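# Analysis of the macromolecular model
Each chain, letter by letter, is given below.
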Amino acid sequence: LHGLQRYAEFIDAAEQLWHFAAEHGYGRHDPSQYFENVAWALQSLDRYAEIEIWLDRLREWVNSLDPDSLAEERPWLLGTEAGMLYYLHSYKPAEALARMRTLRTEVEAHGRTYTWRRLGDCFLTADLPQDALQAYERAVAVFDPEKDKSSARDNAIACIDEAKAAIRKAKPFWRRWL
């Protein structure tokens, strides 16, 4: 998707998949596999407002899950939501930030490495580098090789440096060496 730049086609296909799953039962439908990419494609086409529609769809799907499925899927769904908020932030920063802060409570209860890293990305985009650093450090701390991909941990470690650099940059010039 990223290299092809066929965003509109991807969004149309995702739309069809969503409606098919909604009409015929969600079954094995898993929005965490493509919703974040839809949000990325939408922001690439400056169609930010539609990200909110997809966030609503994600919540609708979450509400349709039975408790056991929800418990299993929750960490990945939180990561998907955080990623979507990351893309929404440039369009509606105040709303996205409010949702990020609300999401943080759930991430603390259910988050995996990927989820924490995406939340950190959101905070870094919102110019909250200290919150981002805490989220990235938490991403590394909760890493479980049985449940998380090693690339998620590696990405979080790289993001720690970005957050630290943003914190240093935010300090007044005369305090940067402290």
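Refer to the structure presented above.
Throughout what follows, the structure given in this document is the object of discussion.

Definitions and limits used
- Residues numbered from 1 in each chain as written.
- Predicted model: local features only at pLDDT ≥ 70, side-chain atom pairs only at ≥ 80, totals over all residues.
- Heavy atoms only, no water.
- Helix = DSSP H or I, 4+ residues; strand = E, 2+ residues; numbered from the N terminus.
- Rg over C-alpha atoms; globule rule 2.2 N^0.38 Å.
- Contact = heavy atoms within 4.5 Å.
- Areas by Shrake-Rupley, 256 points an atom, 1.4 Å probe, with all protein chains shown as cover.
- 1 Å grid on protein atoms, 1.4 Å probe; cavity = no way out; pocket = protein on both sides within 12 Å on 5 of 7 lines; lining within 4 Å.
- Points joined across faces, edges and corners; volume = space filled by probe spheres on them.
- Nonpolar A, V, L, I, M, F, W, Y, C, P; charged D, E, K, R; others polar.
- Phe/Tyr/Trp six-rings, centres within 6.5 Å; stacked < 30°, edge-to-face > 60°.
- Buried < 20%, exposed > 50% of the residue type's maximum accessible area, 1.4 Å probe, protein only.
- Salt bridge = Lys/Arg side-chain N within 4 Å of Asp/Glu carboxyl O.

### Regarding the overall build of the protein chain
A count of helical and extended segments in the protein chain gives 8 helices and 0 strands. What you see in the protein chain, going N to C, is helices and strands ordered as α-α-α-α-α-α-α-α. The C-alpha atoms of the protein chain give a radius of gyration of 17 Å, which matches the 16 Å a tight globule of 178 residues would have. A principal-axis box enclosing the C-alpha atoms of the protein chain has dimensions of 60 × 35 × 30 Å. In the protein chain, 64% of the contacts between residues at least 6 apart in sequence involve partners at least 24 apart. Accessible area of the protein chain: about 9900 Å², with a carbon and sulfur share of 51%.

### Things to note about the layout of surface pockets
If a probe the size of a water molecule is rolled over the atoms, the empty space left behind becomes visible. Counted as a void, the largest pocket has a volume near 500 Å³. Contributions of two or more residues to the lining of the largest pocket are made by α2 (35–44), α4 (67–88), α6 (113–125) and α8 (150–170). Taken together, the residues of the lining of the largest pocket break down into 5 nonpolar, 6 polar and 6 charged.

### Focus: the packing of aromatic side chains
All told, the structure shown has 7 aromatic pairs when counted by the stated rule. Geometrically, the ring pair formed by tyrosine 34 and phenylalanine 35 is edge-to-face, given 5.0 Å between the ring centres and 75° between the ring planes. Residue phenylalanine 35 is classed as buried on the basis of its relative accessible area, which comes to 0%. Ring geometry for phenylalanine 35 and tryptophan 54: centres 4.9 Å apart, planes at 85°, overall edge-to-face. Placement of the pair is phenylalanine 35 in helix α2 and tryptophan 54 in helix α3 (residues 49–64), with a sequence separation of 19 residues.

### Some thoughts on the side chain of arginine 118
Note on placement: arginine 118 falls in helix α6. Residue classification places arginine 118 among the buried residues on the basis of a relative accessible area of 6%. Filtering out sequence-adjacent residues up to four positions away, arginine 118 remains in contact with Glu36, Gly79, Ala82, Gly83, Tyr86 and Tyr87.

### Overview of the pattern of salt bridges
Taken as a whole and judged by the stated rule, the model has 15 salt bridges. With its nearest N and O atoms 2.7 Å apart, the salt bridge here joins aspartate 121 to arginine 117. With aspartate 121 and arginine 117 both in helix α6 and 4 residues apart, the pair spans about one turn of that helix. Neither aspartate 121 nor arginine 117 differs from the other in exposure class; each is buried. Note that arginine 118 is salt-bridged to aspartate 121, the shortest N-O span being 2.7 Å. Note that arginine 118 and aspartate 121 are positioned in helix α6 at a spacing of 3 residues, about one turn of the helix. In terms of burial, arginine 118 and aspartate 121 fall into one category: buried. One connected set of salt bridges, linked through shared partners, spans Glu36, Arg117, Arg118 and Asp121.

Fair warning: the whole summary comes from geometry, so function is off the table for now.
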